[in-house]
Structures are given as structure tokens and as C-alpha cells.
Amino acid sequence: QVSDKLKLLKYETQFCRKQKPPMTPVGSAYFALPAANPNEQFFYFTSLVAWLLAKAGRKFAPPGQFDDPNATCASILAELKN
């Protein structure tokens, strides 16, 4: 499962706790089901993607919580294509 692989990357200490404010580790179904707050779920996902890109050695600025979702997705796709 993805959550197990994230734990191998020390996601709980290196990602969750270092966020301002700290983020709660998510369960295995967090991204599979609609959230009560979809904006929060999207921000969590994009922040996690930015952290994973940084772990892979890419220089990718983490998105802001109120950034345009379309621009954020375009930035992530552009970085993944490089």
C-alpha cells in the first residue's frame, strides 16, 4: 500500500511534522474517498507530491494552500514530464 511505502520514507516525521501547521498522517483511503473539505485534501496531496519530488532530487516549490488548483496541477505535470 502507498501508506506503507510512505512510512518507509519516514513521511510521518520528515513531512507531516515539518509542515506549518503539522499535518496529521493520513490513512490508506484518504485520497480514495471524498473528503469533508476537498480543498484541504487537495492541498495535502499537492504538498505530498512536492515533498516526494524533493526526495527524488527535484527542485519543486511546494504549493500554497490558496494557489490556483489548475496552475498547481500544471506545475506538477510539467515537473513530472522533465
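In case you missed it, the structure is sitting above this.
Note that the structure is predicted; figures quoted are calculated from it, not measured.

Colleague: Help me understand the side chain of Thr-46 in this model?
Modeller: One can find Thr-46 in helix α3 (residues 38-55). The exposure class assigned to Thr-46 is buried, which follows from its relative accessible area of 2%. Of the polar contacts made by the side chain of Thr-46, one reaches the backbone oxygen of Phe-43; its length is 3.1 Å. In contact with Thr-46, other than residues within four places in its own chain, are Pro-63, Thr-72 and Ile-76.

Colleague: Sorry if this is basic, but what is going on with the nonpolar core here?
Modeller: Note on soluble globular proteins: their nonpolar side chains tend to be buried together. Listed in full, the ten residues of the largest apolar core are Leu-6, Tyr-11, Phe-15, Cys-16, Met-23, Val-26, Phe-43, Tyr-44, Leu-48 and Trp-51. When contributions to this core are tallied by element, the ones reaching two or more residues are α2 (11-16) and α3. No other element matches α3, which puts four residues into this core. Leave out the neighbours within four places in its chain, and Leu-48 touches Leu-6, Tyr-11, Phe-15 and Phe-31. In this structure, Val-49, Leu-53, Phe-60 and Ile-76 belong to the second largest nonpolar core, which totals five residues.

Rules used in this analysis
- Residues numbered from 1 in each chain as written.
- Predicted model: local features only at pLDDT ≥ 70, side-chain atom pairs only at ≥ 80, totals over all residues.
- Heavy atoms only, no water.
- Helix = DSSP H or I, 4+ residues; strand = E, 2+ residues; numbered from the N terminus.
- Buried < 20%, exposed > 50% of the residue type's maximum accessible area, 1.4 Å probe, protein only.
- Polar contact = N/O pair within 3.5 Å; in protein donor to acceptor, adjacent residues only side chain to side chain.
- Contact = heavy atoms within 4.5 Å.
- Core = buried A, V, L, I, M, F, W, Y, C linked by side-chain atoms within 4.5 Å.

These figures capture arrangement, not role.
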